[in-house]
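Coordinate inspection notes
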Amino acid sequence: MADETGAFAVQEEVQGGWRKFIDDLAPLRPDLFRYCCGLTGNVWDGEDLVQDVLAKTFAQLGKVNAQLTHPRAYLIRAATNLWIDRLRRASLERAHAAAVEAEAPPPADDASQVVDVRAAANGLFLHLAPRERAAVLLAEVLDFSLEETASMLKTTVGAVKAALSRGRARLRAAQAAPPSPWATPREVVDRFVAALTAKDFDAIRALCLADVTVDMSGGPTFDGYEVGKTTVEHAHFVAPQFGLHDAPRWEVAVVQGEPVAIGFRTQDGVEGLNEVWRFEMGEGGVSRLRLYCFSPDVLVAVAKELGVPVLRRPYRSWPYGPSGPPLRPEVD
């Protein structure tokens with residue numbers, strides 16, 4: 001049990017269960033990530049949705065007595081429901097539906113004008129209504145059958161076929177989505193990279209608000225720079241046993257229209273992308289530092305966009321156990 005001042009006695013058991021859960025689901029993560037990116041339109045919100053799905057599924061496993069089966073389909077269905085619920089809560093689905101209705105009817109689906117939805121940029125999917133987007137991703141990207149797609153979306157095969165037809169037509173006519181409205185000024189990222197390179201942690205602190213949040217996607221979140229400084233100051237220069245490797249260096253890159261800091265390490269003599277830093281601004285400084293180092297699918301997507309090599313990264317932090325770090329599956 002827990003009290004006002006003591007620790008949660010069950011925490012150690014929960015940590016062990018969570019780590020095994022993350023390790024066991026590692027082979028399913030690339031497909032889940034790809035699907036979530038298609039729903040949300042970018043790698044950052046896609047990874048956030050993945051983390052929400054994992055947290056909800058882990059909690060559900062502890063609450064439900066019935067055996068949960070078909071993990072891949074379960075995760076995809078959970079992502080779909082979470083995403084649609086998110087739109088509904090924010091009233092975005094209603095606004096988007098109204099905008100779609102105001103458009104001219106899409107052209108009839110013409111087999112001679114095939115769109116390669118597997119190669120479509122994530123931003124293009126934002127031009128689809130929510131159900132169209134889910135149907136296209138499930139049926140044509142993840143190769144679920146029409147029947148499976150209809151079951152996940154709680155609709156009919158005929159409705160799925162109609163959504164696919166409308167979705168393909170809209171994708172053909174769509175233009176690329178605009179840059180993210182959350183982009184941070186390039187000057188902030190330049191100063192952050194210069195400070196990391198110089199190990200000038202006072203300069204990093206000066207960039208941040210006093211109550212800055214340090215958020216490791218797939219790992220812990222720290223409120224306040226002083227609480228999170230171990231992550232910023234210590235872990236990125238020492239402790240190679242944590243999977244951080246050697247010879248750290250950083251540079252500025254633009255990913256999906258947003259300036260970010262990218263970090264490289266050398267593993268077994270090969271340098272590759274090891275981490276990505278993103279920044280959310282508040283009044284007078286950085287309000288949130290987002291660190292993607294235990295998000296290997298994000299790293300693969302960013303490395304592919306930038307044309308740089310990427311290191312094999314685990315889906316979670318140390319300790320890894322006697323078998324070593326749980327590595328992500330190979331990605332083409």
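Keep in mind that what you see is a predicted model, and the values were worked out from it rather than measured.

Reading the values: the criteria
Residues numbered from 1 in each chain as written. Predicted model: local features only at pLDDT ≥ 70, side-chain atom pairs only at ≥ 80, totals over all residues. Heavy atoms only, no water. Salt bridge = Lys/Arg side-chain N within 4 Å of Asp/Glu carboxyl O. Helix = DSSP H or I, 4+ residues; strand = E, 2+ residues; numbered from the N terminus. Buried < 20%, exposed > 50% of the residue type's maximum accessible area, 1.4 Å probe, protein only. Contact = heavy atoms within 4.5 Å. Phe/Tyr/Trp six-rings, centres within 6.5 Å; stacked < 30°, edge-to-face > 60°. Core = buried A, V, L, I, M, F, W, Y, C linked by side-chain atoms within 4.5 Å. Polar contact = N/O pair within 3.5 Å; in protein donor to acceptor, adjacent residues only side chain to side chain. pLDDT = per-residue confidence, 0-100. Pairing = 2+ DSSP bridges.

One pass over the full model with this rule turns up 15 salt bridges. A salt bridge links Asp 24 to Lys 20; the nearest nitrogen and oxygen atoms lie 2.7 Å apart. With Asp 24 and Lys 20 both in helix α1 (residues 11-24) and 4 residues apart, the pair spans about one turn of that helix. You can call Asp 24 partly exposed: its relative accessible area is 47%. When the shortest N-O distance is used, the salt bridge between Arg 86 and Asp 52 registers 2.6 Å. With Arg 86 in helix α4 (residues 71-89) and Asp 52 in helix α3 (residues 43-63), this residue pair connects regions lying 34 residues apart in the sequence.

Attention shifts here to the environment of Thr 80. If you trace the backbone, Thr 80 turns up in helix α4. Residues contacting Thr 80, with those up to four places away along its chain left out, are Tyr 35, Leu 39, Ala 134 and Leu 153.

All chains considered together, the criterion is met by 6 aromatic pairs. Considering the side-chain rings of Phe 21 and Phe 58, the 5.2 Å spacing of their centres and the 55 degrees angle between planes classify their relative orientation as tilted. In this pair, Phe 21 is assigned in helix α1 and Phe 58 in helix α3, connecting sequence segments 37 residues apart. Relative accessible area serves as the criterion here: at 9%, Phe 21 is assigned to the buried category. Relative accessible area serves as the criterion here: at 25%, Phe 58 is assigned to the partly exposed category. With a centroid separation of 5.2 Å and an interplanar angle of 55 degrees, the aromatic rings of Phe 192 and Trp 277 are classed as tilted. On the criterion of sequence distance, the pair formed by Phe 192 in helix α9 (residues 186-198) and Trp 277 in strand β5 (residues 270-282) is long-range, its members being 85 residues apart. Exposure remark for Phe 192: the relative accessible area of 1% places this residue in the buried category.

In this structure, Leu 32, Tyr 35, Trp 44, Val 53, Ile 76, Leu 273 and Val 276 are the most contacted members of the largest nonpolar core, which totals 55 residues. If you tally residues by element for this core, the top one is α4, at 9 residues. Beyond its immediate sequence surroundings of up to four residues, Trp 44 is in contact with Val 255, Gln 256, Glu 258, Val 260, Val 276, Arg 278, Tyr 292, Val 298 and Val 302. Among the nonpolar cores identified, the runner-up in size contains 25 residues, and Val 188, Val 212, Tyr 225 and Ala 261 belong to it.

This brings us to the side chain of Thr 40. Looking at the element boundaries, Thr 40 is found in helix α2 (residues 29-40). Engagement of the side chain of Thr 40 in a polar contact is seen with the backbone nitrogen of Gly 46, the distance being 3.1 Å.

Looking now at helix α12 (residues 296-306). Those residues of α12 not exposed but buried are Pro 296, Asp 297, Val 298, Leu 299, Val 300, Val 302 and Ala 303. Just downstream of α12, Gly 307 is the residue with a positive phi angle, here 70 degrees.

All right, on to the confidence of the model for the protein chain then. Within the protein chain, residue pLDDT values average 78, and 72% of them lie at 70 or more. Mean pLDDT across the elements of the protein chain bottoms out in helix α5 (residues 92-102) (50) and peaks in α12 (95). Across residues 175-182, where pLDDT falls below 50, the model places 11 contacts with residues more than four positions away in sequence or in other chains.

With that out of the way, let us pick up the pairing of strand β4 (residues 258-267). Most of β4 sits out of view: 9 of its 10 residues are buried. Relative to β4, strand β3 (residues 246-255) is paired through 8 bridges, and the arrangement is antiparallel. Looking across to β4, one finds that Val 252 is bridged to Ala 261. Linkage of β3 to β4, two consecutive antiparallel strands, is achieved through a turn of 2 residues, within which Gln 256 is found at a positive phi near 50 degrees.

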